[in-house]
Amino acid sequence: MPFISTVAREDAASSSSTKDDYLNPSSIKSGQKVRFKLLAEEPFMFYELWGNEVNDPERRKPFRFAEDPTAEDITEKLGDDYVRSLSRDGKMNEPCKIAHAVPIYNYDLERVQVFSWVQKTITQQFDVISQLEDYADSMTDCDFYLSREGQGTDTKYTVQAAPKKKAMAKAVDEAWEAEKEFDLERLLKGGNPFKEEE
């Protein structure tokens, strides 16, 4: 079974809480590599768009949907306090994008994180790797490197598979077992995947 869903693969092929809890590709500096291990066989897929606060347009917030949202769904979720963010050129609304999130173990930080991305190139590369004979059975039996080159619209991300760090297996297992409350579906309501809202 492919790691990336058919819907996400087709979208990627088309042209058209706290910082430490997340690995976001855009936070990686040009020339930097991050090594991690996937902690789930499949990513959680959803749709994401960004909104700006009406009273403070510099403040942005992600809004997530389980299904491709209609204009009415978007208006209802944004409410009266947010408006859709504009595209880079400021001429139209930023599109709602297919997003993925998956729990990972980040070796540099020695902790569990949520790796969340909307970049089609990352989706395409995971899809290719997941269909290679060596990785088709289990994407959790190896490690990955995510690297970034460039800035702005010239940014290029690369995903590479690597042999897993066997010496770290116990630390990875213990870190993941400690996250008993972990639930990526909380992202849909703006919640924290690591703990239930109190």
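Structure: see above.
S.K.: Let's hear about the packing of aromatic side chains: which residues, and what values?
M.R.: Within the structure shown, the criterion is met by eleven aromatic pairs. Measuring from centroid to centroid gives 5.1 Å for F63 and Y82, while their planes differ by 70°, and the two rings are edge-to-face. Of this pair, F63 sits in strand β4 (residues 60–65) while Y82 sits in strand β5 (residues 82–84), placing them 19 residues apart in sequence. Between the aromatic rings of W176 and F182, the centroid separation amounts to 5.2 Å while the plane-to-plane angle is 70°, which identifies the pairing as edge-to-face. On the accessibility criterion, F182 (16% relative accessible area) is buried. An aromatic cluster is built from F36, F115, W117, F126 and F144, whose rings are joined through pairwise contacts. The cationic tip of R35 hangs over the ring face of Y107; the distance from NZ or CZ to the ring centre is 5.9 Å. One Lys or Arg, K165, reaches over the ring of Y107 and ends 4.9 Å from the middle of that ring.

S.K.: Account for a negative patch on the surface, naming residues and giving values.
M.R.: Negative charge collects at one region of the surface, where E41, E42, E133, D134, D137 and D141 lie side by side. Position of E42 among the secondary structure elements: in the loop between β2 (33–38) and β3 (44–53). With relative accessibility at 43%, the residue E42 sits in the partly exposed group.

S.K.: Kindly report on the pairing of strand β8 (residues 142–149), identifying the contributing residues and their values.
M.R.: Looking along a regular strand, one sees side chains alternate from face to face of the sheet. The buried fraction of β8 is high, at six of eight residues. Sheet analysis places β8 next to strand β9 (residues 156–163), joined by eight bridges and oriented antiparallel. Paired with E149 across the bridge in β9 is K156.

S.K.: Residue-level account of the pattern of salt bridges, with values.
M.R.: Applying the stated criterion across every chain yields a total of six salt bridges. Of the charged contacts in the structure, one is a salt bridge between R111 and D21, with a shortest N-O distance of 2.6 Å. Of this pair, R111 sits in strand β7 (residues 111–117) while D21 sits in the loop between α1 (6–13) and β1 (22–23), placing them 90 residues apart in sequence. R111 sits in the partly exposed class, given a relative accessible area of 25%.

The rules behind each value
- Residues numbered from 1 in each chain as written.
- Predicted model: local features only at pLDDT ≥ 70, side-chain atom pairs only at ≥ 80, totals over all residues.
- Heavy atoms only, no water.
- Phe/Tyr/Trp six-rings, centres within 6.5 Å; stacked < 30°, edge-to-face > 60°.
- Helix = DSSP H or I, 4+ residues; strand = E, 2+ residues; numbered from the N terminus.
- Buried < 20%, exposed > 50% of the residue type's maximum accessible area, 1.4 Å probe, protein only.
- Lys NZ or Arg CZ within 6 Å of the ring centre and 35° of its normal.
- Patch = residues over 30% accessible without salt bridge, like charges linked within 9 Å, V, L, I, M, F, W, Y side chains within 5 Å.
- Areas by Shrake-Rupley, 256 points an atom, 1.4 Å probe, with all protein chains shown as cover.
- Salt bridge = Lys/Arg side-chain N within 4 Å of Asp/Glu carboxyl O.
- Lys, Arg positive; Asp, Glu negative; His and termini not counted.
- Charge placed at Lys NZ, Arg CZ, Asp CG, Glu CD.
- Pairing = 2+ DSSP bridges.

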